[in-house]
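# Commentary on secondary and tertiary structure
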Amino acid sequence: MAGRQVGKTSWNLDQHFLEEDGARRLVGLASIQPIDTVVDVGAGHGELLRVLPPCRAVVVIELDPQLASGLRAQFPGVIVRQGNALDLIDGAPFDVLVSNVPFSIVEPLVFRLFGLKFRRAVLLVPSSVRERLVEQKSVVGLYASAFLRVESWEEFDVAHLSPAPETALSL
């Protein structure tokens with residue numbers, strides 16, 4: 001991807017960085033409007049930020065301090081919050097959440113969404129999590145059906161991530 005910072009991947013932080021085509025697919029499904037505040041959890045090198053349409057404000061939450069620093073330098077108009085998204089998402093009011101969520105926090109993040117007000121969330125998640133959410137075969141799926149409208153659009157080609165994860169992914 002042009003302009004992407006190259007850095008080491010931290011396997012313990014679930015870092016799988018989107019290629020440009022994959023980032024465009026997520027953002028396209030988000031239906032972002034000029035009046036929206038958009039949040040990205042696990043913003044990495046800013047792959048989604050590069051393809052966002054104009055909007056009111058953008059907030060990113062990034063756990064990795066080096067990546068957060070790089071985001072601040074590359075995207076001066078973006079609010080960068082460095083820390084754990086599970087601790088920070090409640091304090092980041094937003095209209096749209098679009099994210100290649102670190103796999104280890106997908107379900108806890110979905111639980112956090114139950115109490116928040118927003119218009120749309122487009123998340124790239126392991127297909128096994130998508131099944132639990134859509135088919136209501138787990139506690140998170142039952143709660144999701146009560147508090148959210150969950151849709152599954154498609155399987156996502158892992159070739160759009162670097163490094164490619166070993167699990168199937170869905171939008």
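Rules and cut-offs
- Residues numbered from 1 in each chain as written.
- Predicted model: local features only at pLDDT ≥ 70, side-chain atom pairs only at ≥ 80, totals over all residues.
- Heavy atoms only, no water.
- Helix = DSSP H or I, 4+ residues; strand = E, 2+ residues; numbered from the N terminus.
- Buried < 20%, exposed > 50% of the residue type's maximum accessible area, 1.4 Å probe, protein only.
- Contact = heavy atoms within 4.5 Å.
- Areas by Shrake-Rupley, 256 points an atom, 1.4 Å probe, with all protein chains shown as cover.
- Pairing = 2+ DSSP bridges.
- Axes fitted to C-alpha atoms, helices over the stretch in contact; angles between N-to-C directions.
- Arc of directions from axis to C-beta.
- Polar contact = N/O pair within 3.5 Å; in protein donor to acceptor, adjacent residues only side chain to side chain.
- pLDDT = per-residue confidence, 0-100.
- Patch = residues over 30% accessible without salt bridge, like charges linked within 9 Å, V, L, I, M, F, W, Y side chains within 5 Å.
- Salt bridge = Lys/Arg side-chain N within 4 Å of Asp/Glu carboxyl O.
- Core = buried A, V, L, I, M, F, W, Y, C linked by side-chain atoms within 4.5 Å.

A tally of regular secondary structure across the chain gives 6 helices and 10 strands. For the chain, buried positions account for 47% of its 171 residues. Excluding contacts between residues fewer than 6 apart, the proportion of contacts in the chain whose partners are at least 24 apart in sequence is 58%. Roughly 8,400 Å² of accessible area belongs to the chain as shown, and the carbon and sulfur atoms make up 52% of that amount.

Looking now at the pairing of strand β3 (residues 57-62). Within β3, 5 of the 6 residues are buried, leaving the element largely enclosed by the surrounding structure. Pairing analysis gives 5 bridges linking strand β2 (residues 37-41) to β3, with the strands arranged parallel. Directly across from V38, in β3, lies its bridge partner V58.

Let's shift gears to the sheet that holds strand β6 (residues 120-123). With parallel pairing, the 5 strands of this open sheet are ordered in space as β4-β3-β2-β5-β6. Only two strands of the sheet have a single neighbouring strand rather than two, namely β4 (79-82) and β6. Taken over all neighbouring pairs, the strand axes of this sheet differ in orientation by 15 degrees on average, direction set aside. In this sheet, strand β5 (residues 96-99) lies alongside β2 in parallel orientation, the contact comprising 2 bridges. Among the inter-strand pairings, V39 is bridged to a residue of β5, identified as L97.

This brings us to helix α2 (residues 65-74). Those residues of α2 lying buried are L67, A68, G70 and L71. On an axial view of α2, the arc spanned by its buried residues comes to 160 degrees, and they lie on one face. Exposed and facing more than 90 degrees away from the buried side of α2 are P65, Q66 and A73. Residues of α2 that are buried in the fold lie against β1 (17-18), β3 and β4. For α2, the capping residue at the N-terminal end is D64, with a side-chain oxygen 2.9 Å from the backbone nitrogen of Q66.

Attention now goes to the confidence of the model for the chain. Of all residues in the chain, 87% attain a pLDDT of 70 or more, and the chain-wide mean is 83. Scored below 50 in pLDDT, residues 1-12 makes 27 contacts in the model with residues more than four places away or belonging to other chains.

This brings us to a nonpolar patch on the surface. Taken together, the side chains of F111, V139, Y143 and F147 make up a nonpolar region of the molecular surface, amounting to roughly 400 Å² of accessible area. In terms of residue count, the dominant contributor to the nonpolar patch is helix α6 (residues 139-147) (3 residues). Considering the arrangement of structural elements, one finds Y143 in helix α6.

Turning to the nonpolar core, a few remarks are in order. Counting 28 residues, the largest nonpolar core has L26, L49, L52, V60 and V98 as its most contacted members. In terms of residues, this core owes the most to one element, helix α1 (residues 20-29), which gives 4 residues. Leaving out residues up to four positions away in the same chain, L26 has contacts with L18, L48, V98, S99, N100, V122, L124, F156 and L171. One finds V39, L97, V101 and V140 within the second-largest nonpolar core, a separate group that totals 23 residues.

What follows deals with the environment of Q82. The topology assignment puts Q82 in strand β4. Among the residues examined, Q82 registers a relative accessible area of 36% and is labelled partly exposed. In this structure the C-alpha to C-alpha distance between Q82 and P65, which are 17 residues apart in sequence, comes to 6.4 Å. Once residues lying within four places of it in the same chain are set aside, the contact partners of Q82 are E62, L63, D64, P65, A68, R72 and L88. Only 2.5 Å separates the side chain of Q82 from the backbone oxygen of L63, close enough to count as a polar contact.

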